[in-house]
Amino acid sequence: MIKYLGSKRLLIPQILEVVNGLTGVTRVGDLFSGTARVGHALKGAGYEVVANDHNTYSHMLARCYVAADARSLTEEASRWISEFNTMDPRGKGGWFTEVYCREARYFQPDNGVRIEAIRQRIADADLAPDLEAVLLVSLMEAADRVDSTTGVQMAYLKSWAARSANRLELRLPRILPGQGEAMQMDAEAAARQMDVDLIYLDPPYNQHSYLGNYHIWETLVLWDEPEVYGIARKRIDCKERKSAFNSKPGIRPAFERLLAAIDTPWLLLSFNNEGYLSPEDLGQLLSSRGEVRNFDFDHPRYVGARIGIHNLKGEKVGKVSHLRNREHLFLVGPRR
Ligand SMILES: C[S@@+](CC[C@H](N)C(=O)[O-])C[C@H]1O[C@@H](n2cnc3c(N)ncnc32)[C@H](O)[C@@H]1O
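So, a few notes on the structure that sits alongside this text. These figures come from a predicted structure and were not determined experimentally.

**Comments concerning the packing of aromatic side chains**
Geometry of an aromatic ring pair is reported as the spacing of the ring centres plus the angle between the planes.
Then step 1. By the definition in use, this model includes 17 aromatic pairs.
Then step 2. Consider the rings of Tyr4 and Tyr210, whose centres lie 5.1 Å apart with planes at 40 degrees: the pair is tilted. Here Tyr210 lies in helix H9 (residues 210-213) and Tyr4 lies in the segment before helix H1 (12-20), a separation of 206 residues in the sequence. The pair Tyr4 / Tyr210 is uniform in exposure class, with both members buried.

Here's what the structure looks like:
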């Protein structure tokens, strides 16, 4: 799966343990799905899953890992992926290669030309939505393995990352049998529509916008050649498409509205100690909904923190304050 800030890769066993311990839970909603790895794990554990995220690349990940049914897609997707891996596009590429490999240096141009040719082939093929999602995710993940960043697209490295010299190679994403549902809405609106027994909440917790951090994935999926700005060549709509959860004054009222919109017996929420809201604030907000249980875990910080702080030219500046943080899981349910 792609490198993703706040990804719950390490927390999945604990999330599964908590959900598996509840009786009467068969349908689960993941309201801020990101890489969709939580929904994927829950689907793998036998739950019916609905995943939602407001960004298009995350929606594509949710379509692939939660909605798509491996039983009907594996063969066809594998055929396409073999074809993509043997394509040998020539020339200097077009818009994508120019913007992200020459004006900026997120991928080596040879790989940029391949990414671009495969993306165009997917667009021209006019595929069924779930198959298209699986192939787009396969391409996104292949591009992620040869990128030259610290894991966010706010900046690229000054010198090429060693992995960026590898040839782009697509793999079949680990899709699962069975159907799920993927939505692309604001969390509050999605919460009103989800008919589930438990909602898992993993919102952003600070000022860093996911669209700004992963703008190239948004453009790769939308394939819309947007106006871009700055050294990072971000999409111009990063300036307008904001989340209330990235705003210090906005996060508490956004949370209150979200909690009011949710009508499920169980709520499970992840939060860490780097957020605008303290675990104590959250515990208090959640207690209006039922009995709150708090589980917490100590984790290494995201890979970028371990590599260091860089400016937009990829030069190392400043010091990272700490390398571990505390992840909290709050379970809210009926009072005993
Ligand atoms: C912490 S990440 C989720 C990570 C995910 N659990 C994982 O393991 O990959 C938060 C996600 O919330 C999404 N998001 C932010 N604000 C949103 C909103 N108002 N409605 C829906 N999604 C939102 C972001 O796009 C981002 O993918």
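Further notes follow.
**Considering empty space enclosed by the protein**
Then step 1. Per the stated rule, a full pass over the model turns up one cavity of 30 Å³ or more.
Then step 2. Of the volumes computed, that of the largest cavity is approximately 30 Å³.
Then step 3. Counted by class, the lining of the largest cavity contains three nonpolar, three polar and three charged residues.

**Concerning the pairing of strand E1 (residues 27-30)**
The two faces of a sheet get side chains in turn, since along a regular strand they alternate between them.
Then step 1. As paired strands, E1 and strand E2 (residues 48-52) are joined by four bridges and run parallel to one another. Paired with Gly29 across the two strands is Val50, which belongs to E2.
Then step 2. In this fold, the crossover linking E1 to E2 by way of helix H2 (residues 37-44) has right-handed handedness.
Then step 3. Pairing analysis gives three bridges linking E1 to strand E4 (residues 198-201), with the strands arranged parallel. Within E4, the residue paired with Val28 across the bridge is Leu198.

**Examining the packing of helix H5 (residues 95-103) against helix H6 (residues 109-125)**
Then step 1. Where H5 contacts H6, the axes come no closer than 9 Å and their chain directions differ by 145 degrees. By crossing handedness, the relation of H5 to H6 is classed as right-handed. Contacts from Trp95, Phe96, Thr97, Cys101 and Arg102 in H5 reach Pro109, Gly112, Val113, Ile115 and Glu116 in H6.
Then step 2. In terms of residue class, the contact of H5 with H6 is built from six nonpolar, two polar and two charged.

**Overview of the environment of Ala51**
Then step 1. Relative to the helices and strands, Ala51 resides in strand E2.
Then step 2. Separated by 15 residues in the primary sequence, Ala51 and Val66 have C-alpha atoms spaced 7.0 Å apart.
Then step 3. Contact partners of Ala51, with chain neighbours within four places excluded, come to Asp30, Ser33, Ala62, Val66, Glu181, Ala182 and Met183.

**Remarks on the pattern of salt bridges**
Then step 1. Across all of its chains, the model carries 19 salt bridges by this definition.
Then step 2. Here Arg235 and Asp224 are joined by a salt bridge, their closest N and O atoms 2.8 Å apart. With a gap of eleven residues between them, Arg235 in strand E6 (residues 234-235) and Asp224 in the loop between helix H10 (215-222) and strand E5 (228-229) connect regions that are remote in the sequence.
Then step 3. Classification of Arg235 as buried rests on a relative accessible area of 2%.
Then step 4. Exposure remark for Asp224: the relative accessible area of 36% places this residue in the partly exposed category.
Then step 5. Across the pair Arg241 and Asp237 runs a salt bridge whose closest N-O atoms are separated by 3.1 Å.
Then step 6. Via salt bridges that share partners, Glu218, Asp224, Arg235, Asp237 and Arg241 belong to a single interconnected network.

Calculation rules
- Residues numbered from 1 in each chain as written.
- Predicted model: local features only at pLDDT ≥ 70, side-chain atom pairs only at ≥ 80, totals over all residues.
- Heavy atoms only, no water.
- Phe/Tyr/Trp six-rings, centres within 6.5 Å; stacked < 30°, edge-to-face > 60°.
- Helix = DSSP H or I, 4+ residues; strand = E, 2+ residues; numbered from the N terminus.
- Buried < 20%, exposed > 50% of the residue type's maximum accessible area, 1.4 Å probe, protein only.
- 1 Å grid on protein atoms, 1.4 Å probe; cavity = no way out; pocket = protein on both sides within 12 Å on 5 of 7 lines; lining within 4 Å.
- Points joined across faces, edges and corners; volume = space filled by probe spheres on them.
- Nonpolar A, V, L, I, M, F, W, Y, C, P; charged D, E, K, R; others polar.
- Pairing = 2+ DSSP bridges.
- Right-handed = clockwise from strand over helix to strand, strands pointing away.
- Axes fitted to C-alpha atoms, helices over the stretch in contact; angles between N-to-C directions.
- Left-handed = near helix turned anticlockwise from the far one by under 90°.
- Contact = heavy atoms within 4.5 Å.
- Salt bridge = Lys/Arg side-chain N within 4 Å of Asp/Glu carboxyl O.

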